[in-house]
Amino acid sequence: QLVQSGGGLVQAGGSLRLSCAASGGTLNNYKLGWFRQAPGKEREFVARIIGASPSYADFAKGRFTISRNNARSVGYLQMNNLNPTDPDNYYCAAALRDMPFNSGYWGQGTQVIVSS
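Since the model is a prediction, treat every value here as computed from it, not as a measurement.

Draft legend 1. Region of the structure containing the overall build of the protein chain. The secondary structure content of the protein chain amounts to 0 helices and 11 strands. For 116 residues, the compact-globule formula gives about 13 Å, and the C-alpha radius of gyration of the protein chain, at 13 Å, lands near that figure. By principal-axis analysis of the C-alpha atoms, the protein chain measures approximately 40 × 30 × 25 Å. For the protein chain, contacts bridging at least 24 residues in sequence account for 57% of all contacts bridging at least 6. Accessible surface for the protein chain amounts to roughly 6200 Å². Of this, 46% is attributable to carbon and sulfur atoms. Positive and negative charge centroids in the protein chain, built from 11 and 6 side chains respectively, lie 8 Å apart.

Here it is as structure tokens:
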């Protein structure tokens, strides 16, 4: 089970850090991903980290940073320079390295609201 925290209300240009903790387990053998979804739209990929190697969607490059702390089984998404066009529901996911995220575990989602 993945438990998310962080999120909330931030002004445009501000920053937030989302956390994703494995409850009762470890993330050591899993890749970690972040996705987001705006109301009425499909969920879209934000970032993932496999081992220590991150990759990002184009809109996230230079603004968002994905990281993980294996000792604590926690993953993070640092989001900087947020703007009002950034959708407001963010989800973390964990899956085995060679498996799609849809086959793994998902967090409950966290809302990010950016005010202009």
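Draft legend 2. Here's a closer look at the packing of aromatic side chains. Applying the stated rule across the entire model yields 5 aromatic pairs. Seen in terms of ring centroids, Tyr-30 and Tyr-105 are 6.1 Å apart; in terms of plane orientation they differ by 65 degrees. Their pairing is edge-to-face. Placement of the pair is Tyr-30 in strand E4 (residues 30–37) and Tyr-105 in strand E10 (residues 105–106), with a sequence separation of 75 residues. Tyr-30 gets classed as partly exposed once you look at its relative accessible area, which sits at 23%. Summarising the aromatic geometry, the rings of Phe-35 and Phe-101 are spaced 5.4 Å apart at their centres and angled 75 degrees between planes, so their arrangement reads as edge-to-face.

Draft legend 3. Fine view of the state of the cysteines. What the rule picks out here adds up to 1 disulfide. Disulfide pairing is shown between Cys-20 and Cys-92; the S-S distance is 2.1 Å. Here the S-S torsion is close to 70 degrees, and the disulfide linking Cys-20 with Cys-92 is therefore right-handed. A residue pair is termed long-range when its members are at least 10 positions apart, and Cys-20 in strand E3 (residues 16–22) and Cys-92 in strand E9 (residues 89–96) qualify at 72 residues. Taking relative accessible area as the criterion, Cys-92 reaches 0% and is therefore assigned buried.

Draft legend 4. Broad picture of the pattern of salt bridges. Per the stated rule, a full pass over the model turns up 4 salt bridges. A salt bridge links Lys-61 to Asp-58; its shortest N-O distance comes to 3.2 Å. Of the two residues examined, Lys-61 and Asp-58, each falls in the exposed class. In this structure, Arg-63 engages Asp-86 in a salt bridge whose closest nitrogen and oxygen atoms are separated by 3.0 Å. Here Arg-63, found in the loop between strand E6 (53–56) and strand E7 (64–69), pairs with Asp-86, found in the loop between strand E8 (74–79) and E9; they are 23 residues apart in sequence, far enough to count as distant. Classification of Arg-63 by relative accessible area gives buried; the value is 14%. Among the charged side chains, a network of salt bridges with common partners joins Arg-36, Glu-44, Arg-63 and Asp-86.

Cut-offs applied
Residues numbered from 1 in each chain as written. Predicted model: local features only at pLDDT ≥ 70, side-chain atom pairs only at ≥ 80, totals over all residues. Heavy atoms only, no water. Helix = DSSP H or I, 4+ residues; strand = E, 2+ residues; numbered from the N terminus. Rg over C-alpha atoms; globule rule 2.2 N^0.38 Å. Contact = heavy atoms within 4.5 Å. Areas by Shrake-Rupley, 256 points an atom, 1.4 Å probe, with all protein chains shown as cover. Lys, Arg positive; Asp, Glu negative; His and termini not counted. Charge placed at Lys NZ, Arg CZ, Asp CG, Glu CD. Phe/Tyr/Trp six-rings, centres within 6.5 Å; stacked < 30°, edge-to-face > 60°. Buried < 20%, exposed > 50% of the residue type's maximum accessible area, 1.4 Å probe, protein only. Disulfide = S-S within 2.5 Å. Salt bridge = Lys/Arg side-chain N within 4 Å of Asp/Glu carboxyl O.

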